[in-house]
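Read off the chains here:
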Amino acid sequence: MEAILKQGRYVIATLQPSFSDDELRGLCDALVAQVVQHRVRGVIVDVTAVDVMDSCATRTVRDIGRMARECGADTIVCGMRHDVAFAMDQLGLSFDGIATVADRYEGVLLLESRASERGAVAMGDGKVCVPIARSEDIVRARQLGRTMAGELGFSPRDVTLIATAISELARNILQYAGEGEIELSAIASGQEQGLAVVATDRGPGIENVQRALQRGYSTSGGLGLGLPGVRQLVDDFRIESTPGRGTTVSTQKWRR
Ligand SMILES: Nc1ncnc2c1ncn2[C@@H]1O[C@H](COP(=O)(O)OP(=O)(O)OP(=O)(O)O)[C@@H](O)[C@H]1O
Ligand SMILES: [Mg+2]
């Protein structure tokens, strides 16, 4: 398989477990040459096959990200195995702000959303507001949440928990209110850093909030696990709902 593949406005680099340190450096140089030559928008580093992400490999990915950024391109890592991410975390290694997503498809989606939909997202003071009105918006909200949580230094495991919570809240907005928004913001208290997620809609509201928070309660034939699940995943969970006026779910999660 070709290590570097150009696809439209992106280049995809596939890391192999057999790569030596020298081969990694070679790949990094070749990749940067492609970014410069084709003026690509983004780089996807596919690590699906990688079974060890040690300090050298991590540094290579960071270097790719830094050099691509200097050429105006974003970098995303896709396909990290859970055990590999866990080992990296144990070693204290991180990609230093480079977002990680499940697969190439999500990688392209995130690069697209960063490149073309930046205007649709209000940013400032470390706050991001994602309007929710279509099912693609659920994906966009959770990807942005993933990126922000990664940049805030959350562990890969917590990044996924946060993305999952955002996904549930965004889907509830779409399903029960039709539209609304997810606001993501970096929060700090003393030395602690965290991420606040606030889901707001002006939909029908919830008649009985206590009941809606019970596992298994659903008015739509769903699993009834969304809200209770989110409550369990975050550190602070508040819900305000007025029938006929709408619902606001406010959550906070702190970095450990
Ligand atoms: N934003 C909202 N506006 C109005 N009602 C809501 C909203 N979010 C949740 N609900 C109500 O709370 C119930 C429980 O929500 P929850 O997300 O836990 O389960 P679900 O959406 O029914 O199923 P699941 O999320 O497991 O697919 C919903 O069935 C719905 O009646
Ligand atoms: Mg739900």
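Calculation notes
- Residues numbered from 1 in each chain as written.
- Chains lettered and ligands numbered in written order.
- Predicted model: local features only at pLDDT ≥ 70, side-chain atom pairs only at ≥ 80, totals over all residues.
- Heavy atoms only, no water.
- Domains from an automatic or database assignment.
- Contact = heavy atoms within 4.5 Å.
- Buried area = accessible area lost by both parts, 1.4 Å probe.
- Helix = DSSP H or I, 4+ residues; strand = E, 2+ residues; numbered from the N terminus.
- Polar contact = N/O pair within 3.5 Å; in protein donor to acceptor, adjacent residues only side chain to side chain.
- Expected span 1.5 Å × (residues − 1).
- Buried < 20%, exposed > 50% of the residue type's maximum accessible area, 1.4 Å probe, protein only.
- Arc of directions from axis to C-beta.

S.K.: What should I look at first to understand the domain arrangement of the protein in this one?
M.R.: How large an interface is tends to be reported as the accessible area lost when its parts come together. The domain architecture assigned to the protein consists of domain 1 (1-116) and domain 2 (120-256). The straight-line distance from the C-alpha centre of domain 1 to that of domain 2 is 29 Å. If you look at the interface, domain 1 gives twelve residues, while domain 2 gives ten residues. Both faces combined, the contact of domain 1 with domain 2 buries some 900 Å², and carbon together with sulfur accounts for 57% of it.

S.K.: Mind showing me how you'd approach the side chain of Thr 247 here?
M.R.: The residue Thr 247 is located in strand 11 (residues 246-254) in this model. Here the side chain of Thr 247 touches Ser 241 through a polar contact of 2.9 Å, side chain to side chain. Beyond its immediate chain neighbours, meaning those up to four positions away, Thr 247 contacts Ala 199, Thr 200, Asp 201, Gly 205, Ile 206, Ile 239, Glu 240 and Ser 241.

S.K.: Explain helix 1 (residues 21-38) here, please?
M.R.: Note on helix geometry: an α-helix contains 3.6 residues per turn, so any two residues three or four positions apart are oriented the same way. A rise of 1.5 Å per residue sets the reference length of helix 1, with its 18 residues, at 26 Å; its end C-alpha atoms lie 26 Å apart and thus fit the reference within 8%. Of all the positions in helix 1, only Leu 24, Leu 27, Cys 28, Leu 31, Val 32 and Val 35 are classed as buried. For helix 1, the angular spread of buried residues about the axis comes to 130 degrees, placing them on one side. Away from its buried face by more than 90 degrees, helix 1 exposes Asp 22, Asp 29, Val 36 and Gln 37. Packing partners of the buried residues in helix 1 comprise strand 1 (4-7), strand 2 (10-14), strand 3 (42-46) and helix 2 (55-70). Directly beyond the C-terminal end of helix 1, a positive phi value near 50 degrees is found at Arg 39.

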